[in-house]
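# A closer look at the structure
The primary structure of each chain is shown beneath.
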Amino acid sequence: MKFYRPLSLLLSIILIFSMLPNSTLAEIADDDIIEVEAAPIDPTVSVEGPRHEIDFVDESIEGKADFIALYTEEFASEILVKKFWVAVQVNHNNQVVRVVSQSNNGAAPIWEDEQYLEVPDGGYVLLAHDDSWNNKDFRKYLATNFKVNDVIKLRKNGEVVPITEFMTGEGLIAGINLNNALMYTVTEAKTEITGSIRNFEEDENYQLLANGQEVDFTTDGTFSHSAELEKGTNYIDLEIYKNGSLHEVQSLVVYYKEAKAEEKEVFLWVEQGPNARRFQSSEDIYHMLVEAKDAGVTAIALDVKGVEGFAAYKENDLTGRPYISEMTSPSRAGANPDIDLLEEFIKHGHSLGLEIHAALNVFAEGSIAHDEYAVLNDHLHWEEQVYRYEDNGQILRLRESKYGQSGALVAFVNPAHPEVRDFQLKSFEEVIKNYDVDGVLLDRGRYDNYFADFSEESRLQFEAYLDERGKKLTNWPEDIFTYEGSTRIDGPLIDEWYTYRSSVIKSFTSEVRELVDQYNEAENRDVLLSSYVGSWYESYYLNGVNWASPTFEYDERLQFPQESLYTEEYYETGYTDDLDFLMIGTYQTTANEVKKYITQGNILTDGQIPLYAGMALANVQDPAVQREVFQAGLTNTNGLMLFDYSQANFPVIKASINNEDYVKDYQLGISNPKDSSNFIEGDFLNINRNDENINVFTEIFGPSTATNKWGVEAVVDASGQVVKMVNKRQAMDWSWGTQEDNNSLIPEGGFVISAQDSSGSREKRQLVANNYNIGDDVRAALLSGFLNYEGQMFNSLSVDFRGTVKVVGPGEAEVTVNGISANVEENGDFSSVVELQPGTNEIEIVVYVDGLKTHHKVVQMTAAEPTLETVRDLLEVSVINPEGIRNSLFVQLRNAERDFSKAAEFREEGKDKQAEKYENNGYGKLEEIKERVKNHVGKHIDEEDASELINMLQYIIEKRTMTDY
């Protein structure tokens, strides 16, 4: 009976805990459904509001995307809300206190700046992120359904629960704040992991482990840990324990790529559609290649078969593809029919030491956006068959589907169709057979997306594929997936379907490999085979492509969404064994994202094949960002691919490749007809237009601006008059229902002002639209040379300010410097003597072309206070003849110096009267020197040198600066 009392006590404790609410346990099973419910839209119709599942509760969302997360006061006292994210602050009564970036009537919010949002006592914060306001509903759900004072609900498995249901009741949850990115590449065999313990409390007991190894931390919870790395992929698991309980695990993925002193390749991609008409002559191609090589480009990827299906080569004996000059779309027409673009690129590229790789858009055979179809309309049975929710369960040819008629941009063909494959293979062959290319490159060597191809041909092949594996297709297409509204519901054979499609693409790349090898062996050539793919491998399976190495093995710490897909069969569809190198489009918009996807590319290829990081130039216009991501690519891969020439700014590219700061050494100015006292500053002259720029194009650029239909352009003829405005009214009224194609012809002797903003922005386009009208007189010019003076220190008080002004288009330039007319030579060089005062001086340069103001530039220069030493230095270099005059001036200067030295001695001894006498003597001698110089101006002493000497001496005499000599 001795055990009776302990047992009784234990039963009592169990009974007490059984009576406590479940919220004290705060257990959330993996299969629990946690939801937030907004206030009812109309309480008279329904007492329930719209619901949305919550993806994370009191978890770090670092590196995650597309979620709604919930944070209690146990996680942190405040939550960081980034710009373009949405957050809802809720008090202890489930009442909405604040909405960050709230929608107005369903429209995209006016996005608030990054901020911290407090977690209310007893309340919580909801946080949402996704990458598409239009196509995803995480941010939109919070932004449109929640407003201040709403009372909302939390549900667990359908039941309404309090916030305490998701809290431990044990106080602050310990976490790990890392300074490291969660995925990165290094070139050394160790990495430093630094950070701090989140919610660190001095009186609690913590333990931090890195792959099971104890990590020391300081009294404030910060830590630094050096982790040894193996070559290749390293997974480092960090665990934080509080009072013996595991609170959080964070995993770092670090790829160790041994640094090699190899020459890095830089490919410049020349996309066919936007660029073909730019090259009207052989010289145009040569000049572009010279610029590219000077910037650091080593190879060209020339789009020889664009998405429209036209060829940028004329030797088409196997396919009969029409040449690019036959395109008729306004934004595509105009290529010169009398030159063979590929041949010219090879000729000039090889003469300059550049490799030329021919890129083919493999399974794209038409542009829906531009209504261009080189061959597809003659082979409608090739066109992909799509299965999309808008078509109410029907499988339709792409251009018959609602998507094809309203949203699709490119018309794909079925990669599994034997005729399609044969035709594409012949396209590769006629390029290799007829041209001395250095390589051929697969672009769009994939399916369109998850909704294709559902043709009868694909069904039969899929059935045969399943039959070989002892499986059976019962319901087509429901066994693959079906739709509930617009939501795709995967069926039992979804992974088999994805694997089958990847095997189709793999088999085609193997056929191209075999073709390339045949020609290399037969003709003793070294044609390389490569491919371009998107870097977002975690979702690229939707396009039917497995571009990883066959040796890659998935690890759950990579957090890919379709984890069940990664089987031995799927690994076998990896096609890098067929390639000589791979380009991945690291087209993300921030430097950290680009670095992450470079690392992911390294992990997936694991050093089995050379890897090139593709840079979307439009996304990295800022020179500092471009330099950062270029250097990440050059350090952590075999080189870069720059996409594409239509967005290339070669001076910025050169600085980025050379790892140098880019400094624009000119100001582009355009007169403003609406305000003659002002001017409009352009961004670049004759540079391919990027977003957020006002660029000016002259005939040197090419026959036309080659820009798209979303910009604004003012065409100025050789007389300086605006003769055409493009999209003026659209930009002024901000009504873009119908747009005019920019692509303005550039008048001989004139220019085009071309403006574009990032999507949805108005500033640049409205500036041009509001200030220019047909009939206005407009002038433009380029001002340079001012950087020789900006921020510089000068020892003299008189400077010969020199610069250059180049008129763009018609007109003659006049320049004033500090209000004084400068002498402008025929070549545009100008000069003006500027008098300075010791300290900071503002120099104002104003340029007029034919009386119209094009520039107002203020340069800051600093002049040192003159001393006898600077007078001596100037005397030494001044033009003085005969030499005896210089010597006598030096004698007088030494005499003055002795007087000032004697005065200093008397000052030290407290003999002020004697000191004053010698100071006066010294200044008198300086006055004599000044007068002697005046007497010799223009006769024995150069005028500019004499003027500077007089100014220095006059300043010293007036200011009596020698009292502390």
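Our structure is the block above this text.
Residues numbered from 1 in each chain as written. Predicted model: local features only at pLDDT ≥ 70, side-chain atom pairs only at ≥ 80, totals over all residues. Heavy atoms only, no water.

### Description of the nonpolar core
Under the convention used in this document: Think of a nonpolar core as a cluster: buried Ala, Val, Leu, Ile, Met, Phe, Trp, Tyr and Cys residues, connected wherever their side-chain atoms sit within 4.5 Å. Burial classification: accessible surface area is computed with a 1.4 Å probe over protein chains only, and a residue below 20% of its type maximum counts as buried, one above 50% as exposed, and the rest as partly exposed. Put simply, DSSP H or I for four residues or longer makes a helix, DSSP E for two residues or longer makes a strand, and each gets a number counted from the N terminus. Note on contacts: a residue pair is in contact if any heavy atoms of the two residues lie within 4.5 Å.
One finds Met288, Leu342, Phe345, Val440, Trp547 and Phe552 to be the most contacted residues of the largest nonpolar core, which totals 132 residues. Ranked by residues supplied to this core, first place goes to helix α9 (residues 494–523) with 11 residues. Apart from the residues lying within four places of it in its own chain, the contact partners of Phe345 are Val270, Phe279, Ile285, Met288, Leu289, Ile300, Leu302, His350 and Ile356.

### Thoughts on helix α5 (residues 341–351)
Among all positions of α5, only Leu341, Leu342, Glu344, Phe345, Ile346, His348 and Gly349 are buried. The secondary structure elements touched by the buried residues of α5 are β20 (265–270), α4 (282–295), β21 (299–305), β22 (355–361) and α7 (418–434). Downstream of α5 by a residue or two, Gly353 has a phi angle that is positive, lying close to 80°.

### So, the pairing of strand β1 (residues 34–37)
For clarity, the threshold we go by: The pairing criterion for strands is at least two bridges between them, as found by DSSP.
The two faces of β1 match: Ile34 and Val36 on one face and Glu35 and Glu37 on the other face are all buried. Relative to strand β10 (residues 153–156), β1 is paired through four bridges, and the arrangement is antiparallel. Following the sheet pairing, Val36 is matched in β10 by Leu154. Both β1 and strand β2 (residues 51–53) contribute to a ladder of three bridges, which runs antiparallel. Counted as the bridge partner of Val36 is His52 from β2.

### Considerations on the packing of α4 against helix α14 (residues 650–657)
Basically, it comes down to this: Axis lines are fitted to C-alpha atoms, over the contacting stretch for helices. Their N-to-C directions set the angle, which ranges from 0 to 180 degrees. In what follows, roughly perpendicular refers to angles from 65 to 115 degrees, roughly parallel to angles under 35, roughly antiparallel to angles over 145, and oblique to any angle outside these ranges. Only Asp, Glu, Lys and Arg are considered charged in this grouping, and only Ala, Val, Leu, Ile, Met, Phe, Trp, Tyr, Cys and Pro are considered nonpolar; every other residue, Gly among them, is considered polar.
Look at α4 against α14: their axes get within 8 Å of each other, and the N-to-C directions meet at 25°. The angle between α4 and α14 places the two elements in the roughly parallel class. In this structure, α4 uses Met288, Glu291, Ala292, Asp294 and Ala295 to contact α14, whose residues at the interface are Phe650, Ile653, Lys654 and Ile657. Along the lines of polarity and charge, the residues of the contact of α4 with α14 split into six nonpolar, no polar and three charged.

### Here we look at the pairing of strand β13 (residues 183–186)
Side chains Met183 and Thr185 project from β13 onto one buried face, and the interleaved Tyr184 and Val186 project onto a second face that is buried too. Two strands pair when backbone bridges link them, and β13 and strand β19 (residues 245–256) are joined in this way by four bridges, in the parallel orientation. Residue pairing for β19: Met183 is matched across the bridge by Val253.

### Observations concerning unusual backbone geometry
Omega for the peptide link from Ala452 to Asp453 comes to 0°, which places this bond in the cis form. Tracing the backbone shows Asp453 in the loop between β27 (439–443) and α8 (456–468). Note that the residue after Phe643, namely Asp644, is joined by a cis bond; omega there is -10°. For Asp644, the location among the structural elements is in the loop between β33 (639–643) and α14. For Asn243, which is not a glycine, the phi torsion comes out positive at approximately 50°. Residue placement: Asn243 occurs in the loop between β18 (232–242) and β19. Using a relative accessible area of 44% as the deciding quantity, one classes Asn243 as partly exposed. Despite not being glycine, Asn524 has its phi angle at roughly 55°, a positive value. By the secondary structure assignment, Asn524 is in the loop between α9 and β30 (528–534). A relative accessible area of 73% means that Asn524 is categorised as exposed.

### Thoughts on the environment of Lys402
Mapped onto the elements, Lys402 comes out in helix α6 (residues 402–406). Here Lys402 falls in the partly exposed class, since its relative accessible area comes to 47%. Between the C-alpha atom of Lys402 and that of Asp391, which follows or precedes it by 11 residues, the distance is 6.5 Å. What Lys402 contacts, discounting residues up to four positions off in sequence, is Glu390, Asp391 and Gly407.

### So, the packing of helix α13 (residues 623–636) against α14
The cut-off we apply is this: In this scheme, a crossing is called left-handed if the near helix is turned counterclockwise away from the far one by less than a right angle; it is called right-handed if the turn is clockwise.
At a minimum axis separation of 8 Å, α13 and α14 run at an interaxial angle of 50°. Considering the angle they form, α13 stands oblique to α14. The way α13 lies across α14 gives a crossing that is right-handed. On the side of α13, the interface is formed by Pro623, Gln626, Arg627, Phe630, Gln631 and Leu634, while α14 contributes Val652, Ile653, Ser656 and Ile657. Residue composition of the contact of α13 with α14, by class: six nonpolar, three polar and one charged.

### Describing the side chain of Ser329
By secondary structure assignment, the location of Ser329 is in the loop between β21 and α5. The exposure class assigned to Ser329 is buried, which follows from its relative accessible area of 7%. Residue contacts for Ser329: discarding those within four places in its chain leaves His370 and Glu372.

### Observations regarding the pattern of salt bridges
The condition is simple: Salt bridge criterion: a side-chain nitrogen from Lys or Arg within 4 Å of a carboxyl oxygen from Asp or Glu.
Going through the model one piece at a time under the given rule, you end up with 60 salt bridges. When the shortest N-O distance is used, the salt bridge between Arg488 and Asp490 registers 3.0 Å. A relative accessible area of 25% means that Arg488 is categorised as partly exposed. Assessed through its relative accessible area of 34%, Asp490 is described here as partly exposed. Notably, a salt bridge pairs Arg886 with Glu883, separated by 2.7 Å at the nearest N-O pair. Residue Arg886 and its partner Glu883 are both found in helix α18 (residues 883–908); the two are separated by three residues, about one turn of the helix. What makes Arg886 buried here is its relative accessible area of 9%.

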